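# Structural features, examined
Here is how the chains run, residue by residue.
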Amino acid sequence: MTPTLLELLAVAREDDQAPLSPGPAKASVTSDTGTPTYLEDLPGSSNAWSENEKLESESPNGENELAESLLKLSVSSISEAESPKSLLATKKESTSPEEELDSLEKEGPKLSEYIVISPSSDSMEKETSKSDEKSLISDSEKLKPRSSDSSENVELSKSKGKKRVTLSDEDVAFSENLSLTKISTLRPCPSVAMKLDILDSIDISPDGSAMMEEAWERVKKSYVYFKGQPVGTLAAMDPSAEDLNYNQVFVRDFVPSGLACLMKNEPDIVKHFLLKTLHLQGWEKRIDNFTLGEGVMPASFKVLFDPHRQKEILVADFGGSAIGRVAPVDSGFWWIILLRSYTKCTRDHTLADRPEVQRGMKLILNLCLSDGFDTFPTLLCADGCSMIDRRMGIYGYPIEIQALFYFALRCARQMLKAERDGKELIERIDKRIKALSFHIQKYYWLDFTQLNNIYRYKTEEYSHTAVNKFNVIPESIPDWVFDFMPLRGGYLIGNVSPARMDFRWFLVGNCIAILSCLATSAQATAIMDLVEERWEDLVGEMPLKIVYPALEGHEWRTVTGFDPKNTRWSYHNGGSWPVLLWLLTAACIKTGRPQIAKRAIELAEQRLSKDGWAEYYDGKTGRYIGKQARKYQTWSISGYLVAKMMIENPANLLISLEEDKRIANSTHARSASY
């Protein structure tokens, strides 16, 4: 049945209440044949598209001409009514779609804030003929329905990503005349069940919570139990690779897992870990015919079942099974740092006050504070004694070990009791802390000004007035440093020893220096400036570079000994390690620069879970999963968790120390001539 004029007027008045928006849902009436006739498609409508873009609808059986004449009459009547916001009101009857789009671009938001409503496959099939579909498809952009159901996809393009909100057909009315090559804005409309400004409050990473849940689930699965109690986490759980030593609990690897559990108020596993590793410290440690120091902490341990004694046993590795047979210098430092974090989080001082725990700390510190032939307060180390556990030219006085040493000294200073020999040890700690902070801040620091000074150094200087105290030859400065060093920023270099300065950037040492206040506040700010200035080099496509730059060519052959795993931009030789996210985030919060950490976390979230939580990434920008990287690496997972929880709640920064004014006001001087 052909609609009457009153029915058409009623439809027009209903649409009169809705604000004008480009491409709205069309007001329509239905003939007795069930075919809709749209008001906007009629001549005189301000929203009519060009002939090659609009979808025509015709009534069969000769009724189309009668309906069209009645509709023309109704349009002329409505145009005289006082309804400026009506869908049939025309601002400029001769306005073309292109001109209308130009006016919207001038008045509306930027292109990055546009919303595009895409019809579902059902409506496309019902309302669009095959010939019309071909004409609507642009060479530069094609609309592909995401599902075959009746839902609508509203996509909000942002400069940093996309937000997606799924609305039902009842919530969104889209125009069948919507051109696929045109992008238009949506104003608030009664037909949309939500306000558009609410979209700004939606999480940029809609899968963030799901990624966190997956991470926690995988950390829980990595728990290692000894006699029914959790005592640590496996290094990795990659079913596609050989276990090697990845089925063990590593002391340094467990630190981010332990911090994550503390932040989640699950401290028991941390307590059990601290006590079990302390128990292992008391074992006799022999490699071949040599006995290691009493205070050495294990690099790792695993739980085995002894069939003869019918019980579980612990098997520890103190470096005898490591690649280079090197004892882990950093394990004891990480143990003290984690103990202090446990005490700070739980406020339970009873664990640190236990006699066996006090003795364990003293044994570790006595190893480091013993008298020797050193003329520097720094700690002499062999290659491969830390996270970089292969030959990479860090022998001597690497910044990572010096920063951890300083951090552990300050943590132990807070927890040691001044009883018996404790008072004497505390005095030795105080002296070492002052000397070490002065040495690192003065001789390891490099910025544009200091680089220029070293470039102009004189050599062969004798007596205590020498400026070039280590007799560094200026010609030994590598060429890359001059291009890498920005005018704004600086960092603590990798190593300083007689006639040698390792100018490479090491992230762990610099971040630990910030967290322990080994770096001054000005130096900490400059380190963060450097990260921003050299983002592509130090972060790239997957955070973060453990060392920069990579060793190549002849230098790689001589320093690494042709190490096939440490080829350029791989593994420890310039590889990208997601676990370092938590250290960077902690340093960013400490320096008041959380935006740097957020940017790095968002970068990691794009691939980390999809790539199976890889151990490390290869390439100059970290684009490729490492050639020998394990999947489902536990500290990659826990490092992400710690970073997320700290950035969401800075109170979770459990591993930071405040500046000690007594150290900052030290009266040391570099030299009489400096």
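Residues numbered from 1 in each chain as written. Predicted model: local features only at pLDDT ≥ 70, side-chain atom pairs only at ≥ 80, totals over all residues. Heavy atoms only, no water.

## Remarks on the overall build of the protein
A count of helices and strands for the protein gives 23 helices and 20 strands. A total of 674 residues make up the protein; the buried ones form 52% of that total. Counting only contacts in the protein whose residues sit at least 6 apart along the sequence, the fraction spanning at least 24 positions is 71%. With an accessible surface of roughly 32,800 Å², the protein has 50% of that area assigned to carbon and sulfur atoms. (Helix = DSSP H or I, 4+ residues; strand = E, 2+ residues; numbered from the N terminus. Buried < 20%, exposed > 50% of the residue type's maximum accessible area, 1.4 Å probe, protein only. Contact = heavy atoms within 4.5 Å. Areas by Shrake-Rupley, 256 points an atom, 1.4 Å probe, with all protein chains shown as cover.)

## A look at the sheet that holds strand β8 (residues 249-250)
Here we have three strands laid out as an open sheet, ordered β8-β11-β12, and antiparallel in their pairing. In the strand order of this sheet, the two ends are held by β8 and β12 (311-317), each with one partner. For β8 and strand β11 (residues 300-306), the ladder comprises two bridges, and the chain directions are antiparallel. Bridge assignment links valine 249 to a residue of β11, and that residue is phenylalanine 301. (Pairing = 2+ DSSP bridges.)

## Topic: the pattern of salt bridges
Under the counting rule described, the total for this entry stands at 21 salt bridges. Across the salt bridge formed by lysine 220 and glutamate 266, the nearest N and O atoms sit 2.6 Å from each other. Here glutamate 266 lies in the loop between α7 (251-263) and α8 (268-281) and lysine 220 lies in helix α6 (residues 208-221), a separation of 46 residues in the sequence. For lysine 220, a relative accessible area of 32% translates into the label partly exposed. Across the pair arginine 504 and aspartate 502 runs a salt bridge whose closest N-O atoms are separated by 2.7 Å. (Salt bridge = Lys/Arg side-chain N within 4 Å of Asp/Glu carboxyl O.)

## Examining the packing of α7 against helix α9 (residues 329-346)
A pair of packed helices is characterised by two quantities: the angle between their axes and the separation of those axes. Two numbers describe how α7 lies on α9: the axes approach to 10 Å, and their chain directions differ by 5 degrees. Taken together, the axes of α7 and α9 are roughly parallel relative to one another. Only Asp330, Ser331, Trp334, Leu338, Ser341, Tyr342, Cys345 and Thr346 of α9 make contact with α7, whose side of the interface consists of Val251, Arg252, Phe254, Val255, Leu259 and Leu262. Residue composition of the contact of α7 with α9, by class: nine nonpolar, three polar and two charged. (Axes fitted to C-alpha atoms, helices over the stretch in contact; angles between N-to-C directions. Parallel < 35°, antiparallel > 145°, perpendicular 65-115°, else oblique. Nonpolar A, V, L, I, M, F, W, Y, C, P; charged D, E, K, R; others polar.)

## Brief notes about the pairing of β11
Alignment of β11 against β12, held across seven bridges, turns out to be antiparallel. Of the residues in β12, the one forming a bridge with phenylalanine 301 is alanine 316.

## Observations concerning the nonpolar core
The biggest cluster of nonpolar side chains holds 160 residues, and the ones touching the most others in it are Trp335, Ile336, Leu580, Trp582 and Ile655. Tallying contributions element by element places helix α12 (residues 399-415) first for this core, with 12 residues. With near-sequence residues (within four places) excluded, leucine 580 lies in contact with Met387, Leu507, Val508, Leu544, Lys545 and Ile546. (Core = buried A, V, L, I, M, F, W, Y, C linked by side-chain atoms within 4.5 Å.)

## A look at the state of the cysteines
Overall, the coordinates contain zero disulfides when judged by the stated rule. The thiol of cysteine 588 is not disulfide-bonded; the next cysteine sulfur, from cysteine 511, is found 7.4 Å away. For cysteine 588, a relative accessible area of 0% puts it in the buried group. (Disulfide = S-S within 2.5 Å.)

## Points about unusual backbone geometry
Cis geometry is found at the peptide bond from proline 543 to leucine 544, where omega equals -5 degrees. Going from tyrosine 548 to proline 549, the amide bond is cis rather than trans, its omega being -5 degrees. In this structure, tyrosine 632 is a non-glycine residue whose phi angle is positive, near 50 degrees. Relative to the assigned elements, tyrosine 632 resides in the loop between β20 (624-625) and α22 (634-648). Of the residues examined, tyrosine 632 reaches a relative accessible area of 26% and is grouped as partly exposed.

## Re the packing of aromatic side chains
Enumeration over the complete set of coordinates arrives at 22 aromatic pairs. With a centroid separation of 5.6 Å and an interplanar angle of 65 degrees, the aromatic rings of tryptophan 480 and phenylalanine 484 are classed as edge-to-face. Separated by four residues within a single helix, tryptophan 480 and phenylalanine 484 lie in helix α15 (residues 479-484), roughly one turn from each other. You can call phenylalanine 484 buried: its relative accessible area is 4%. Ring geometry for tryptophan 613 versus tyrosine 640: centroids 5.7 Å apart, planes at 55 degrees, classification tilted. Remark: tyrosine 640 occurs in helix α22 and tryptophan 613 occurs in the loop between α21 (594-605) and β19 (617-618); sequence separation between them is 27 residues. Tyrosine 640 carries the same exposure label as tryptophan 613, and that label is buried. (Phe/Tyr/Trp six-rings, centres within 6.5 Å; stacked < 30°, edge-to-face > 60°.)

## With respect to the environment of proline 328
Turning to its location among the elements, proline 328 is positioned in the loop between β12 and α9. Along the chain, proline 328 and phenylalanine 318 lie 10 residues apart, while their C-alpha atoms are 7.0 Å from each other. With residues near it in sequence (within four places) discarded, proline 328 still touches Arg252, Met297, Pro298, Ala299, Phe318, Gly319 and Cys385.

## Overview of the environment of phenylalanine 254
Within the secondary structure, phenylalanine 254 sits in helix α7. In this structure phenylalanine 254 comes out as buried when scored by relative accessible area, which is 1%. Separated by 380 residues in the primary sequence, phenylalanine 254 and threonine 634 have C-alpha atoms spaced 8.4 Å apart.

## Examining the packing of α12 against helix α16 (residues 507-515)
At their nearest, the axes of α12 and α16 sit 8 Å apart, and the two run at 20 degrees to each other. The orientation of α12 relative to α16 falls into the category roughly parallel. Regarding α12 and α16, the two cross each other, and that crossing is left-handed. Between α12 and α16, the residues in contact are Ile399, Glu400, Ala403, Leu404 and Phe407 and Val508, Gly509, Ile512, Ala513 and Leu515, respectively. (Left-handed = near helix turned anticlockwise from the far one by under 90°.)

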